[in-house]
Amino acid sequence: NPPTPLCRRLHSRSANLASLMFVLISYINIYADNVNITSDYMERALGPVPADFVTYIPIVEAKTPAVEVLAKIKDKGAVIVTKNREYFGMVDDGALSQKGTMKFPPSLKVEKLVRKLPSLNSQVSIENAVLYFYQHSARVLPFIEENKIKGGIKRETMLSSILSLHLLSGTKVQEAMSSPVVAI
């Protein structure tokens, strides 16, 4: 089946937001190299991912029927999938849009939709977290501390935090854009 218009729109939005984050973090690095910015300011910009970015993301077992998790994905943007009580992967609306449909047979288990995504923790820098979002076109990445799933960090939260640092204040779009375009 060809992807539905909703699925195409969700996938396109994911790619565009991930590209924007990647361009912003790249520009922050270039900007920091060319301008004298205090170390405290740069620590906030490129330091570890704060645990307070973590939001509740439902956790489901790999053998859960896919039809049972669709409402959770629609509500929270993703679910974290475990197998034998260990992190197994994620299912987000991007994974669903790649399937081209939002209708699944009752026998389909959520493990068949899983994307193996890297996890974040308090040791991962914001820069690397943005890179993970970009590389995997993920909407949410799991946050795991001491082998315990704490929740997830949404791409929008990362973007908001980068923008709240005002590192791009007064910058023209042409100075921050990339050519060729990173992703569409």
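To keep things clear, this report deals only with the structure shown in the data block.

What counts, and at which threshold
- Sequence order as written defines residue numbering, which begins from 1 separately in each chain.
- Only residues with pLDDT of 70 or above have their local features reported here, since the model is predicted, and side-chain atom pairs are shown and tallied only from 80 upward, although totals for entire chains, interfaces and linings are computed over all residues.
- Note that the side-chain values use all heavy atoms of the structure and ignore hydrogens as well as water.
- Starting at the N terminus, helices and strands are each numbered in turn, a helix being any DSSP run of H or I of at least four residues and a strand any DSSP run of E of at least two.
- The rule is simple: take the accessible area with a 1.4 Å probe, protein chains only, and divide by the maximum for that residue type; under 20% is buried, over 50% is exposed, in between is partly exposed.
- In this description, contact between two residues means that some pair of their heavy atoms is separated by no more than 4.5 Å.
- All accessible-area figures derive from a Shrake-Rupley calculation using a 1.4 Å probe, and residue coverage is judged against the displayed protein chains alone.
- For the purposes of these results, a polar contact is taken to be a pair of N or O atoms within 3.5 Å, where, inside protein, one atom must be able to donate a hydrogen and its partner to accept one; residues adjacent in sequence count only when each atom of the pair is a side-chain atom.
- Working definition: rings of Phe, Tyr and Trp (its six-membered ring) pair if their centres are within 6.5 Å, and the pair is stacked with planes under 30 degrees apart, edge-to-face with planes over 60 apart, and tilted otherwise.
- We call a charge positioned above a ring when the Lys NZ or Arg CZ atom is no farther than 6 Å from the ring centre and deviates by at most 35 degrees from the ring normal.
- Here, nonpolar core means buried Ala, Val, Leu, Ile, Met, Phe, Trp, Tyr and Cys residues that are tied together by side-chain atoms lying within 4.5 Å of each other.
- Salt bridge criterion: a side-chain nitrogen from Lys or Arg within 4 Å of a carboxyl oxygen from Asp or Glu.
- The handedness rule is simple: strands pointing away from the viewer, and a clockwise path from the first strand over the helix to the second, make the crossover right-handed.
- Pairing between two strands is assigned when DSSP locates at least 2 bridges connecting them.

Focus: the overall build of the protein chain
Stage number 1. Counting its regular elements, the protein chain contains seven helices and five strands.
Stage number 2. For the protein chain, the N- to C-terminal ordering of α and β elements is α-α-β-α-β-β-α-α-β-β-α-α.
Stage number 3. Counting over 184 residues, the protein chain shows a buried share of 43%.
Stage number 4. The long-range fraction of contacts in the protein chain, counting pairs at least 24 apart against all pairs at least 6 apart in sequence, stands at 60%.
Stage number 5. Just so you have it, the protein chain exposes about 10200 Å², and 53% of that area is on carbon and sulfur atoms.

Let's talk about the environment of Lys154
Stage number 1. With respect to the secondary-structure elements, Lys154 resides in strand β5 (residues 148-154).
Stage number 2. Remark: the alpha-carbon pair of Lys154 and Lys76, spanning 78 residues in sequence, is separated by 9.5 Å.
Stage number 3. Excluding anything up to four places from it in sequence, Lys154 contacts Thr55, Ile57, Lys76, Phe133, Arg139 and Val140.
Stage number 4. One polar contact links the side chain of Lys154 to the main-chain carbonyl oxygen of Lys76, over a distance of 3.5 Å.

Notes on the packing of aromatic side chains
Stage number 1. Applying the stated criterion across every chain yields a total of zero aromatic pairs.
Stage number 2. Its guanidinium or amino end placed over the ring of Phe88, Lys116 lies 3.3 Å from that ring's centre, counting from NZ or CZ.

Re the nonpolar core
Stage number 1. Counting 21 residues, the largest nonpolar core has Val49, Leu120, Phe133, Ile153 and Met158 as the members making the most contacts within it.
Stage number 2. Broken down by secondary-structure element, the contributors of at least two residues to this core are β2 (78-83), α5 (126-136), β4 (140-145) and β5.
Stage number 3. Excluding residues that lie within four positions of it along the chain, Val49 makes contacts with Asn121, Ser122, Val124, Ser125, Ile126, Ala129, Phe143 and Ile153.
Stage number 4. Of all hydrophobic cores here, the second largest spans 14 residues; its members include Val60, Ala62, Leu70 and Val110.

Focus on the pattern of salt bridges
Stage number 1. In the structure shown here, the tally under the stated rule is four salt bridges.
Stage number 2. With a closest N to O distance of 3.3 Å, Arg115 and Asp92 form a salt bridge. Residue Arg115 is found in the loop between α4 (93-99) and α5, and its partner Asp92 is found in strand β3 (residues 86-92); the two are separated by 23 residues along the sequence.
Stage number 3. When its relative accessible area of 1% is taken as the criterion, Asp92 is described as buried.
Stage number 4. Residue Glu156 pairs with Arg155 through a salt bridge whose shortest N-O separation is 3.8 Å.

Observations regarding unusual backbone geometry
Stage number 1. We note that Asn84 has phi near 55°; this positive angle belongs to a residue other than glycine.
Stage number 2. Within the secondary structure layout, Asn84 lies in the loop between β2 and β3.
Stage number 3. Positive phi outside glycine occurs at Asn147, with the angle close to 60°.
Stage number 4. By secondary structure assignment, the location of Asn147 is in the loop between β4 and β5.
Stage number 5. Of the residues examined, Asn147 reaches a relative accessible area of 76% and is grouped as exposed.

Points about the pairing of β2
Stage number 1. Within β2, five of the six residues are buried, which leaves it mostly tucked inside the rest of the structure.
Stage number 2. As for the winding sense of the linkage, the β-α-β connection from strand β1 (residues 59-61) through helix α3 (residues 70-76) to β2 is right-handed.
Stage number 3. Here six bridges tie β2 to β3, and the two strands are oriented antiparallel to one another. Each residue of the ladder has a partner; that of Ile80, found in β3, is Met90.
Stage number 4. Turn length for the β2-β3 hairpin, with the two strands adjacent in sequence and antiparallel, is two residues, and the turn residue Asn84 shows positive phi of about 55°.

Quick look at the environment of Arg115
Stage number 1. The class of Arg115 is buried, set by a relative accessible area of 15%.
Stage number 2. Expressed as a C-alpha distance, the spacing of Arg115 and Val91, which sit 24 residues apart in the sequence, is 6.2 Å.
Stage number 3. At a separation of 3.3 Å, a polar atom in the side chain of Arg115 contacts the side chain of Asp92.

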